[in-house]
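Listed here are the chains, written in short residue letters.
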Amino acid sequence: MTTWPGYQSLKRSLLATLTGQVLEIGAGNGANLPLLPPAIDWTGLEPHPRARRALSQAATAAPGPRRILDAHAEAIPLPSASIDVVLSTAVLCSVDNLSAVLSEVHRVLRPGGRFVFMEHVAAPPGSAFRRMQRMIAPITRVVDRGCDPSRDLAPEIEAAFADVDLTRYTASGLFKIPFIAGTAYP
Ligand SMILES: C[S@@+](CC[C@H](N)C(=O)[O-])C[C@H]1O[C@@H](n2cnc3c(N)ncnc32)[C@H](O)[C@@H]1O
């Protein structure tokens, strides 16, 4: 297990690698906007109306080309092979159909493109934290825009992409939340 660098530090180092035309799925309120390299051409996809309004405001203030899409990542309204990087941070826990999302990510990526992700995942099977994640999932699904903390996302990402560079972390602090972060190549 690699040492946890901290949520913001890890995110900052991943986002610093973004280049070209970037699609951020589940962009939320736009928390990642200040961390994006100014030179990229960014499109943020967000299905939740309230989050999308905040995202639009944040995107207006951000430098560089910034566009917003009202859509779910299960059906990305962009042409195939049109994007250099798809970004996802804390989104795959919430989507309704994970395999459809990963297939759409695959479809929109250009040859040589990549999927950059940072996601919280399920704790190891049999652990007390995993049991707690399963217990609170029905509540978080309702109050936290569909978030299911008991999903182990790594096997699905590894199955959907030809080459996956993935690191597992455990967050420090009171709750030892497990995270994965990395890059997947079609
Ligand atoms: C926990 S928030 C993370 C927001 C942002 N990525 C961040 O790191 O601050 C999860 C976001 O995923 C969005 N979301 C949920 N289901 C989705 C779907 N099927 N397709 C795209 N986004 C989705 C939610 O509306 C929410 O804004």
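In what follows, the structure referred to is the one given above.
Read on for a plain summary of the structure. Remember, predicted model here, so these are calculated numbers, not experimental data.

Secondary structure assignment for the protein chain yields five helices and seven strands. Reading the protein chain from its N terminus to its C terminus gives the helix and strand order α-β-β-α-β-β-α-β-α-α-β-β. Taking 2.2 N^0.38 as the reference for a compact globule, 186 residues should give roughly 16 Å; the C-alpha atoms of the protein chain span a radius of gyration of 16 Å, in line with that estimate. The buried share of the protein chain, taken over its 186 residues, is 48%.

Right, let's talk about the site of the ligand for a bit. If you check the shell around the ligand, you find 19 residues, and the closest are Gly26, Glu46, Glu74, Thr89 and Arg145. Gly26 places a polar main-chain atom, nitrogen or oxygen, 2.8 Å from a nitrogen atom of the ligand. Glu46 places a side-chain nitrogen or oxygen 2.6 Å from an oxygen atom of the ligand. Out of a free accessible area of 600 Å², the ligand has 87% covered by protein chains.

Following the sequence through the fold, Arg12 ends up in helix H1 (residues 7–15). A relative accessible area of 45% places Arg12 in the partly exposed class.

Another point: the layout of surface pockets. Approximately 640 Å³ is the volume found for the largest pocket. Forming the walls of the largest pocket are 29 residues, and the residues nearest its centre are Gly26, Glu46, Ala90, Ser94 and Arg145. Taken together, the residues of the lining of the largest pocket sort by class into eleven nonpolar, eleven polar and seven charged. In this structure, the second largest pocket occupies an estimated 230 Å³ of space. Around the second largest pocket, the lining residues are His120, Phe129, Met132, Gln133, Ile136, Thr140, Cys147, Pro149, Phe175 and Ile177. With five residues, the top contributor of residues to the lining of the second largest pocket is helix H4 (residues 128–143). Looking at the lining of the second largest pocket residue by residue, the class counts come to seven nonpolar, three polar and no charged.

Time to look at the nonpolar core. Leu23, Ile25, Val86, Leu92, Phe115 and Ile157 are the most contacted members of the largest nonpolar core, which totals 27 residues. Residue assignment for this core shows that the elements contributing at least two residues are strand E1 (21–25), strand E4 (83–89), helix H3 (98–108), strand E5 (109–120), helix H5 (154–160) and strand E7 (178–185). Sequence-distant contacts of Val86, that is, excluding residues within four places in its chain, are made with Leu23, Ile25, Val105, Val108, Leu109, Arg114, Phe115 and Val116. Judged by nonpolar contacts, the second largest core, of 23 residues, contains Leu18, Leu36, Leu55 and Ala59.

This part takes up the side chain of Arg130. Checked against the element boundaries, Arg130 lands in helix H4. Buried Arg130, no salt bridge; nearest opposite-charge side chain is Asp152, N-O distance 5.3 Å. Contacts of Arg130, omitting those with residues within four sequence positions, involve Ala122, Ala123, Pro124, Pro125 and Ser150.

This paragraph deals with H3. Three or more residues of H3 are buried, namely Leu98, Val101, Leu102, Glu104, Val105 and Val108. Each buried residue of H3 sits inside an arc of 160° when the element is viewed along its axis, so together they form one side. Contacts made by the buried residues of H3 are with E1, E4, E5 and H5.

For the rest of this paragraph, the subject is the pairing of E4. A large share of E4 lies buried, amounting to six of its seven residues. In the sheet, E1 pairs with E4 via three bridges, with the strands oriented parallel. Across the sheet, residue Leu23 finds its bridge partner in E4, namely Val86. For E4 and E5, the ladder comprises six bridges, and the chain directions are parallel. Bridge pairing links Val85 to Arg114 in E5. Between the parallel pair E4 and E5, the chain is carried across by H3, and the sense of this crossover is right-handed.

Quick notes on the rules
Residues numbered from 1 in each chain as written. Predicted model: local features only at pLDDT ≥ 70, side-chain atom pairs only at ≥ 80, totals over all residues. Heavy atoms only, no water. Helix = DSSP H or I, 4+ residues; strand = E, 2+ residues; numbered from the N terminus. Rg over C-alpha atoms; globule rule 2.2 N^0.38 Å. Buried < 20%, exposed > 50% of the residue type's maximum accessible area, 1.4 Å probe, protein only. Near = heavy atom within 4 Å. Polar contact = N/O pair within 3.5 Å; in protein donor to acceptor, adjacent residues only side chain to side chain. Areas by Shrake-Rupley, 256 points an atom, 1.4 Å probe, with all protein chains shown as cover. 1 Å grid on protein atoms, 1.4 Å probe; cavity = no way out; pocket = protein on both sides within 12 Å on 5 of 7 lines; lining within 4 Å. Points joined across faces, edges and corners; volume = space filled by probe spheres on them. Nonpolar A, V, L, I, M, F, W, Y, C, P; charged D, E, K, R; others polar. Core = buried A, V, L, I, M, F, W, Y, C linked by side-chain atoms within 4.5 Å. Contact = heavy atoms within 4.5 Å. Lys, Arg positive; Asp, Glu negative; His and termini not counted. Salt bridge = Lys/Arg side-chain N within 4 Å of Asp/Glu carboxyl O. Arc of directions from axis to C-beta. Pairing = 2+ DSSP bridges. Right-handed = clockwise from strand over helix to strand, strands pointing away.

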